[in-house]
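# Overview (structure and organization)
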Amino acid sequence: MNDKYSQSSSTGIVELPEKDKLPLKEGLKKAIIISGPTATGKTELSLVLAKALGGEIISADSMQVYRGMDIGTAKASVKQREEIPHHLIDVKDLENSFNVVQFYEEALKAVESIFARDRVPIIVGGTGFYIHTLLYGPPLGPPANQHVRKKLEEDMEKYGPEPLYRKLCEYDPTYASKITGNDRHKIIRALEIITLTDKKVSDFLRTSETQYHPEYNFRCWFTYYPKSILYPRIEERCEKMIEEGFLDEVIRLQKEGLDKNLSASQAIGYRQALEYLKSEKNTSDYDEFLWAFKRASKRYAKRQFTWFRKEPIFRWLNLEVCDKPQATELILHDFENAL
């Protein structure tokens, strides 16, 4: 854990020091954000909270917006969605694109509509970029271009971040100095902006872009297990998804255009499954697919830890120390007593 955080051994809550917390106006309407790495049980926790508070759930998952991508994205079941209203799930067909600006606009509409019904918005998901955008506003620069992004992501996968970061330093040293050489997402986005506009990323920056001026009081939680517990849970979940018919889901989605959606086809699990389905599908190919699926899932979890360490308003809740019932009580208590 980062040294600037302090942890209560009794509750499992990891907090930032007071001097690092961001100011918040009193009297704002309250909403809850539940994030954390994959396989920590965010959906289960959000459902319990929604029942206790009279809440509705907004998905902050970049792939759950697509109809048919069910098993591989660990969507809440149809029954669960009938019991608790959900938003931003199954709102797009695979032939449509979906980006962070659309998420920002639709998520805010959902938040406002939930408040209008005197209910509590509960935003749930592990896509850090989406949640950051909801809190701080949409990113500057042009919209994402799937073709440019795919090429950059392929280069990142093939060569790693170092050569791409060197290229960014050459094109825009001012912006490059503001990020680390391992921040894959920001490196890719920066090179995408440069490619699309022939301008420096620093040309788009404004002094207010990292200031937190919310219209709502977002109570933000990052739920997690230590990696010694989390990684076996991830491997077990990958195996369970396959048992539940994940490969059959991918075969069906191929017929609906999964391969043509540059974002969805690169999603964790789906990308590895598509590669497997192109193979001879023998035992060795299957073993390679399963290993790649688990590896990609664990790498994603590692990136989620890295991303949310940079989010100062999130409190980290260690689910090894604080079990789900205790976590629920802590979050409810915080919500009820917040100004």
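Residues numbered from 1 in each chain as written. Predicted model: local features only at pLDDT ≥ 70, side-chain atom pairs only at ≥ 80, totals over all residues. Heavy atoms only, no water.

### Structural notes on helix α11 (residues 270–277)
By the criterion of burial, α11 is predominantly enclosed, with six of the eight residues buried. Those residues of α11 that fall on the buried side of the exposure criterion are Tyr-270, Gln-272, Ala-273, Leu-274, Tyr-276 and Leu-277. Tucked into the core, α11 has its buried residues touching α10 (246–255) and α12 (283–308). (Buried < 20%, exposed > 50% of the residue type's maximum accessible area, 1.4 Å probe, protein only. Helix = DSSP H or I, 4+ residues; strand = E, 2+ residues; numbered from the N terminus. Contact = heavy atoms within 4.5 Å.)

### Some words on the packing of helix α3 (residues 100–116) against helix α4 (residues 128–136)
At their nearest, the axes of α3 and α4 sit 9 Å apart, and the two run at 55° to each other. The angle between the axes of α3 and α4 places the two elements in the oblique class. For the pair α3 and α4, the crossing hand works out as right-handed. Counting all contacts with α3, which are made through Val-100, Phe-103, Tyr-104, Ala-107 and Leu-108, the residues of α4 involved are Phe-129, Tyr-130, Ile-131, Thr-133 and Leu-134. For the contact of α3 with α4, the per-class residue count stands at nine nonpolar, one polar and no charged. (Axes fitted to C-alpha atoms, helices over the stretch in contact; angles between N-to-C directions. Parallel < 35°, antiparallel > 145°, perpendicular 65-115°, else oblique. Left-handed = near helix turned anticlockwise from the far one by under 90°. Nonpolar A, V, L, I, M, F, W, Y, C, P; charged D, E, K, R; others polar.)

### With respect to the nonpolar core
Ile-34, Met-69, Ile-122, Ile-123, Leu-135, Phe-218 and Phe-314 are the most contacted members of the largest nonpolar core, which has 80 residues in total. Here this core gets eight residues from one element, more than from any other, and that element is α3. The next biggest cluster of nonpolar side chains, apart from the first, holds 16 residues, and it includes Leu-164, Leu-168, Ala-176 and Ile-187. (Core = buried A, V, L, I, M, F, W, Y, C linked by side-chain atoms within 4.5 Å.)

### Side note on the side chain of Ser-297
By secondary structure assignment, the location of Ser-297 is in helix α12. Assessed through its relative accessible area of 8%, Ser-297 is described here as buried. For Ser-297, the contacting residues outside a window of four places in its chain are Thr-38, Ile-234, Cys-238 and Ile-268.

### Some thoughts on the packing of aromatic side chains
What characterises a pair of aromatic rings is the spacing of the ring centres plus the angle enclosed by the ring planes. This structure, assessed with the given rule, holds 19 aromatic pairs. An aromatic cluster of three or more residues is present, and its members are Phe-222, Tyr-224, Phe-305, Phe-308, Phe-314 and Trp-316. The ring of Phe-335 is capped by Lys-30, whose NZ or CZ atom sits 4.9 Å from the centre of that ring. (Phe/Tyr/Trp six-rings, centres within 6.5 Å; stacked < 30°, edge-to-face > 60°. Lys NZ or Arg CZ within 6 Å of the ring centre and 35° of its normal.)

### Some thoughts on the pairing of strand β8 (residues 314–318)
With respect to burial, β8 is a largely interior element, five of its five residues being buried. Going residue by residue along β8, you find Phe-314, Trp-316 and Asn-318 tucked away on one face and Arg-315 and Leu-317 tucked away on the opposite face as well. Direction of pairing for strand β7 (residues 217–224) relative to β8: parallel, over a ladder of five bridges. Its bridge partner being in β8, Cys-220 is matched across the sheet by Phe-314. (Pairing = 2+ DSSP bridges.)

### Considerations on the confidence of the model for the chain
Scored by pLDDT, the chain comes out at a mean of 89, with 90% of its residues at no less than 70. For residues 1–7, every residue scores under 50 in pLDDT, and the model assigns this stretch 24 contacts once sequence neighbours within four places are set aside. In the predicted structure, residues 16–21 sits below a pLDDT of 50 and forms eight contacts with residues beyond four places in sequence or in another chain. (pLDDT = per-residue confidence, 0-100.)

### What to know about the pairing of strand β3 (residues 30–35)
Counting buried residues in β3 gives six out of six residues, a clear majority hidden from the surface. Here β3 shows a buried face lined by Lys-30, Ile-32 and Ile-34 and a second buried face lined by Ala-31, Ile-33 and Ser-35. Two elements, β3 and strand β6 (residues 120–124), share three bridges in a ladder whose sense is parallel. When the bridges of β6 are listed, Ile-34 appears paired with Val-124.

### Brief notes about unusual backbone geometry
Glycine aside, residues mostly have negative phi angles, and peptide bonds mostly take the trans form. Even without a glycine there, the phi angle at Asp-198 is positive, about 60°. Tracing the backbone through its elements, the reader meets Asp-198 in the loop between α8 (184–197) and β7. The exposure class of Asp-198 is exposed, given its relative accessible area of 72%. Look at Lys-281: it is not a glycine, yet its phi comes out positive at around 60°. Of note, Lys-281 is situated in the loop between α11 and α12. Residue class for Lys-281 comes out partly exposed when judged on its relative accessible area of 42%.

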